[in-house]
Amino acid sequence: MVLKGKKIPLFIIASLLFGVKTYIVYRFMFNIELDNVLQELILLINPFVTSIVFFSLTIWFRNKSWQITFIRYAALIGTLVIYFNLVFYRSFTDFLTIPQLFQTSNAADLGTSVLSLVKLYDVLFFADVACIWYLSKKMDIYEYTVSYPKRKRAFVLSISLLLLSGNFLLAEMERPQLFTRAFDREYLVKNIGLFYYHMYDAAVQSKVKSQRVLADGNNLQEIKKYIAEEIRSGEQSELLGVAKGRNVIFISAESIQSFVIQNDVNGEEITPFLNQLVNDKDTYYFENFYHQTQQGKTSDSEFLTENSLYPSSRGAVFFTHGENEYHAMPEMLKEKGYYSAVFHANNTSFWNRDQIYTNLSIDQFYGKDAYEITEDNSVGWGLKDKPFFEQSMEYLQAMEQPFYTKFITLTNHFPFELNAKDRSIEPYDSNSNTLNNYFPTVRYTDEAIEQFFTMLKQTSIYENSIIFIMGDHDGISANHNKAMSRFLEVEEITPYDYVQLQRVPLFIHIPGHNNGKVISKIAGQIDLKPTILHMLGIDTSNDIYFGNDLFHDDRKGFIAFRNGDFVSEEFISASGICYERLTGEVLQIESESNQDTSCQSIKEKVETELAYSDEIIYGDLFRFIDFNKQ
Ligand code: GP9
Ligand code: MN
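Procedures and definitions
Residues numbered from 1 in each chain as written. Chains lettered and ligands numbered in written order. Predicted model: local features only at pLDDT ≥ 70, side-chain atom pairs only at ≥ 80, totals over all residues. Heavy atoms only, no water. Domains from an automatic or database assignment. Contact = heavy atoms within 4.5 Å. Buried area = accessible area lost by both parts, 1.4 Å probe. Salt bridge = Lys/Arg side-chain N within 4 Å of Asp/Glu carboxyl O. Helix = DSSP H or I, 4+ residues; strand = E, 2+ residues; numbered from the N terminus. Nonpolar A, V, L, I, M, F, W, Y, C, P; charged D, E, K, R; others polar. Near = heavy atom within 4 Å. Polar contact = N/O pair within 3.5 Å; in protein donor to acceptor, adjacent residues only side chain to side chain. Areas by Shrake-Rupley, 256 points an atom, 1.4 Å probe, with all protein chains shown as cover. Pairing = 2+ DSSP bridges. Axes fitted to C-alpha atoms, helices over the stretch in contact; angles between N-to-C directions. Core = buried A, V, L, I, M, F, W, Y, C linked by side-chain atoms within 4.5 Å. Buried < 20%, exposed > 50% of the residue type's maximum accessible area, 1.4 Å probe, protein only. Disulfide = S-S within 2.5 Å.

## Considering the domain arrangement of the protein
At step 1: Once the domains are mapped, the protein shows domain 1 (2-211), domain 2 (215-230 + 556-630) and domain 3 (248-284 + 299-502 + 511-516 + 526-539).
At step 2: One C-alpha centre belongs to domain 1, the other to domain 3; they are set 39 Å apart.
At step 3: Domain 1 puts 25 residues into the contact, and the matching count from domain 3 is 20 residues.
At step 4: Carbon and sulfur atoms supply 47% of the area buried between domain 1 and domain 3, which totals about 1,800 Å² over both sides.
At step 5: Viewed at the interface, domain 3 and domain 1 are joined by one salt bridge.
At step 6: Looking at the side of domain 1 that touches domain 3, the elements that each hand over two or more residues are helix 3 (64-92), helix 4 (98-101), helix 5 (104-107), helix 6 (111-115) and helix 9 (185-214).
At step 7: A per-element tally of the side of domain 1 that touches domain 3 places helix 9 first, with six residues.
At step 8: Across the side of domain 1 that touches domain 3, the residue classes break down as seven nonpolar, twelve polar and six charged.

Below you can see the structure in the form of structure tokens.
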């Protein structure tokens, strides 16, 4: 390539190619929300600024073949970083974090899921890399290398750093305190690009690691004071002791979202059994119950439920802080004579469960090896839910009572595979196979839960138990918004709709109770620990947790999401927009005004609360407390 008689240096050609590619990925393959021209501009310049900064490092090599090797590998590694993020994004609508790279024990189990995320046209991603490698072998590439004098090298470096500062300055203008309030990875990637986001993530990682070493128990007083004043003041459960001495059967229903409840597809009911429970006299159904999970998905929902602490904003807390001291529900129940067990027909090391369950004081984990798994009785991720419950019954019947048990279903997991003979309803018809196939697997799980109830009723366990059914997290990510808007018959999925789609069902079934109803108050996974313990009549006054008893009116009034968004009785705050919760009306857009908004005061509480929970976990602060001696 020649411009005005001069050859354009290879590092500039590589920067341009890589910049264009990165921009295309940011703009068209990641679903990044752009609200104004400044955001568009930042997203456009960032890929080129980043490429120039990295590829121009090559001029510091005096040896020309090193220059070429550097450019080749920089292009290859850079492309792999983008590509891995893209594959991850297709499933989770999120970006990779360092802790996730170390969750290797999960990787082996992800087989079919990952394959369905890789597309044939992905080879195009590597086109510029192949080009650079090919050219550098075939043509006389040395003519395209440079040997600048020192002053010129310093000049190029200053220019690239100046460009970078310009990018960061614009980012800071667009999003003040971007780095200090960085709950939201999309904001980071949008403003500083994927590569600086990864560097930032690495810096956060080392900070988190040092926090445990430096922690002492001093901050616990402040945290306890916050909990006493803001969360628990005057807490008095209406249903205190309603299930005293009973067994607990907790069903964690994989990927079931509330939008399927009392809804139909192709004219067929999706969840006939759960719908029946909505109106059942022994059942409380929470229609505005939100999952609060992040990158740790099912494991985050378990963490929230057992501890009433928030999961990590990056990675899965089950992995990153699996060795911490906890004061989890199974431990508190053990003190009251309960035996605890988890049933889940997957590898026991998935999500590091085998390790953290011991720390949570769970007595027994019936994993994959406890089940008879054949080709015929499995699909997708493994043992189908119906044989899973059938085979679990034997263990359950032999268990000493009272027990606390958790059943984690699996069939309704992405990519929602199901053999035709197990299908009771047909898939939906839209441009998203994920959404289409979701409905038959949801129905399958609904039937499996119904059969489980039937089996329980044939034993004396049923009458002596309290049964919880909870959706662990969403199953349909924002990548399927288009198909989802078609199904829900709305024009588009706004940030408000997206938050509302994070509702998952919560049923509390108390055989013989006769006072059940549908409850519309907002609720979340953080609330389960105090709710369950109080229903069993167990005192929690010495405990440290961030949720509220769901059968108590004077609650703290908001459900916080890990990215700093929240839902309150009145408002929903999402993507910098404050909405009225019941109508979805936009009340204020954060970037357009600095005035105090109705959402603002709650937002501050949300951030304080998330920070306190992080402090406990990162500092492993419970090691400084003897909960029995307070
Ligand atoms: C894995 C199962 C699914 O054991 O719990 O995990 P998810 O991908 O939903 O977090
Ligand atoms: Mn799950």
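## Focus on the site of ligand 1
At step 1: As a structural note, the neighbourhood of ligand 1 is formed by Glu254, Lys297, Thr298, His344, Asn346, Phe350, Trp351, Arg353, Trp381, Leu410, His413 and His473.
At step 2: Glu254 has a polar side-chain atom sitting 3.0 Å from an oxygen atom of ligand 1.
At step 3: Thr298 places a side-chain nitrogen or oxygen 2.6 Å from an oxygen atom of ligand 1.
At step 4: In isolation ligand 1 has 310 Å² of accessible area, and contact with the protein removes 97% of it.
At step 5: The class makeup of the residues in the shell around ligand 1 is four nonpolar, five polar and three charged.

## Focus on the sheet that holds strand 17 (residues 558-560)
At step 1: Taken in spatial order, the five strands line up as 17-18-19-20-21 in an open sheet, and their pairing is antiparallel. This sheet does not close on itself; its edge strands, each paired only once, are strand 17 and strand 21 (586-589). Strand-to-strand twist in this sheet, taken as the mean axis angle between neighbours without regard to direction, amounts to 15°.
At step 2: Those strands touched by helix 21 (residues 600-618) are strand 17, strand 18 (566-568) and strand 19 (571-574), and its axis lies near 50° from that of strand 17.

## Overview of the nonpolar core
Side chains that are nonpolar tend, in soluble globular proteins, to be buried together.
At step 1: Core analysis: the largest hydrophobic core is formed by 96 residues, its most contacted members being Ile249, Leu396, Leu435, Phe439 and Phe452.
At step 2: The element contributing the most residues to this core is helix 17 (residues 433-457), with ten residues.
At step 3: Beyond its immediate stretch of four places on either side in the chain, Phe452 contacts Ile249, Ile251, Phe389, Met393, Leu396 and Phe407.
At step 4: Core analysis: the second largest hydrophobic core is formed by 46 residues, Ile231, Cys599, Leu621 and Ile625 among them.

## Side note on the state of the cysteines
Where two cysteines share a covalent bond between their sulfur atoms, that bond is called a disulfide.
At step 1: Applying the stated criterion across every chain yields a total of one disulfide.
At step 2: In this model Cys578 forms its disulfide with Cys599; the gap between the sulfur atoms is 2.0 Å. Taking the torsion about the sulfur-sulfur bond, which here is approximately 80°, the covalent link between Cys578 and Cys599 counts as right-handed. Of this pair, Cys578 sits in strand 20 (residues 577-580) while Cys599 sits in the loop between strand 21 and helix 21, placing them 21 residues apart in sequence.

## A few points about the pairing of strand 3 (residues 247-253)
At step 1: Among the seven residues that make up strand 3, seven are buried, leaving the element largely enclosed by the rest of the structure.
At step 2: Neither face of strand 3 is exposed, since Asn247, Ile249, Ile251 and Ala253 on one face and Val248, Phe250 and Ser252 on the opposite face are all buried.
At step 3: Both strand 3 and strand 13 (residues 465-471) contribute to a ladder of seven bridges, which runs parallel. If you follow Asn247 over to strand 13, its bridge partner there is Ser465.
At step 4: Note that strand 3 and strand 12 (residues 403-408) share five bridges and pair parallel. Looking at the pairing, Ser252 lines up with Ile408 of strand 12.

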